[in-house]
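Observations on the model geometry
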Amino acid sequence: FPHPAMVAFDAPSREEAACDRPRSNIPQQALALLNDPEFVEAARVFGQKALAEGGKDDSTRIAWAFERATGRKPNEKEAPLLAALLAKHRTDFAAKPAEAKALLAIGDTPAPNDAKPEEVAAWTNVCRVILNLHETITRQ
């Protein structure tokens, strides 16, 4: 049987061939994308790449990550929202560093040693949001 997260995305059971999969959009899909360990780890690694390769400042890194996920730059409403989210999570994780370390422990890929856990955790949550956008997960 498929992984429980894949059931939410209408994955067939592989007991018989499926030429066409039904399309659905249910709340469980968003929950899987935000909370399933594989997706949390993917967001963390994406956040690490944004920190390492995305540019020298937050706005450049946000634009880099957003464009990588969606194929376009964030608009004048999206960029400030993501910047505010980053600031909020920086503050939250600075106040609770144990929560940052717990978030970074999810998955098999080791967390980087050269970055502050609170910073990587904040970027992980920003990338979780970007990876959960409708235009990121839906292809037409």
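Parameters and conventions
- Residues numbered from 1 in each chain as written.
- Predicted model: local features only at pLDDT ≥ 70, side-chain atom pairs only at ≥ 80, totals over all residues.
- Heavy atoms only, no water.
- Helix = DSSP H or I, 4+ residues; strand = E, 2+ residues; numbered from the N terminus.
- Buried < 20%, exposed > 50% of the residue type's maximum accessible area, 1.4 Å probe, protein only.
- Contact = heavy atoms within 4.5 Å.
- Areas by Shrake-Rupley, 256 points an atom, 1.4 Å probe, with all protein chains shown as cover.
- Axes fitted to C-alpha atoms, helices over the stretch in contact; angles between N-to-C directions.
- Parallel < 35°, antiparallel > 145°, perpendicular 65-115°, else oblique.
- Left-handed = near helix turned anticlockwise from the far one by under 90°.
- Nonpolar A, V, L, I, M, F, W, Y, C, P; charged D, E, K, R; others polar.
- Expected span 1.5 Å × (residues − 1).
- Salt bridge = Lys/Arg side-chain N within 4 Å of Asp/Glu carboxyl O.
- Phe/Tyr/Trp six-rings, centres within 6.5 Å; stacked < 30°, edge-to-face > 60°.
- Lys, Arg positive; Asp, Glu negative; His and termini not counted.

**Structural notes on the overall build of the protein chain**
Scanning the protein chain from terminus to terminus reveals eight helices and zero strands. Sequence-ordered secondary structure for the protein chain, helices as α and strands as β, is α-α-α-α-α-α-α-α. Out of the 140 residues in the protein chain, the part that is buried amounts to 34%. For the protein chain, restricting intrachain contacts to residue pairs at least 6 apart in sequence, the fraction spanning at least 24 positions comes to 56%. For the protein chain, the accessible area works out to roughly 8900 Å², and carbon and sulfur atoms hold 56% of it.

**Thoughts on the packing of helix α3 (residues 37-53) against helix α7 (residues 117-131)**
Where α3 meets α7, the closest approach of the two axes is 7 Å, and the angle between their N-to-C directions is 115°. With respect to each other, α3 and α7 are oriented roughly perpendicular. For the pair α3 and α7, the crossing hand works out as right-handed. Side by side, α3 and α7 meet where V40, A42, A43, R44, F46, G47, Q48, A50 and L51 of the first sit next to E119, V120, W123, T124, C127, R128, I130 and L131 of the second. Looking at the contact of α3 with α7, its residues break down into eleven nonpolar, three polar and three charged.

**Let's talk about α7**
Compared with the 21 Å implied by 1.5 Å per residue over 15 residues, the 20 Å span of α7 between its first and last C-alpha is a close match. Summarising burial for α7: twelve of the 15 residues are buried, a large majority. Along α7, the positions that sit buried rather than exposed are E118, E119, V120, A121, A122, W123, T124, N125, V126, C127, R128 and I130. Contacts made by the buried residues of α7 are with α2 (27-35), α3, α4 (58-70), α5 (78-95), α6 (97-104) and α8 (134-137).

**Some thoughts on the pattern of salt bridges**
Per the stated rule, a full pass over the model turns up seven salt bridges. Among the ionic pairs, E67 bridges to K73, the shortest N-O distance being 3.0 Å. Exposure remark for E67: the relative accessible area of 34% places this residue in the partly exposed category. Overlapping salt bridges, with partners in common, bring together D58, R90 and E119 in one network.

**Quick notes on the packing of aromatic side chains**
Following the criterion strictly, the structure yields one aromatic pair and no others. Each ring, one from F46 and one from W64, has its centre 6.1 Å from the other, and the planes form 40°; the classification is tilted. Placement of the pair is F46 in helix α3 and W64 in helix α4, with a sequence separation of 18 residues. The burial state of F46 is the same as that of W64; both residues are buried.

**What about α4?**
An ideal rise of 1.5 Å per residue puts 18 Å on 13 residues; α4 measures up with 18 Å between its terminal C-alpha atoms. Residues of α4 that are buried include every one of R61, I62, A63, W64, A65, F66 and T70, and no others. Lining the buried residues of α4 we find α3, α5, α7 and α8. Of the residues one or two after α4, G71 is the one with positive phi, at around 90°.

**Focus on the side chain of R61**
As for its position among the elements, R61 is in helix α4. Despite its burial, R61 pairs with no opposite charge, the nearest such side chain being D58 at 4.1 Å. Among residues more than four places away in sequence, those in contact with R61 are A50, L51, G54, G55, K56 and W123.

By themselves, these observations are geometric and do not establish any function.
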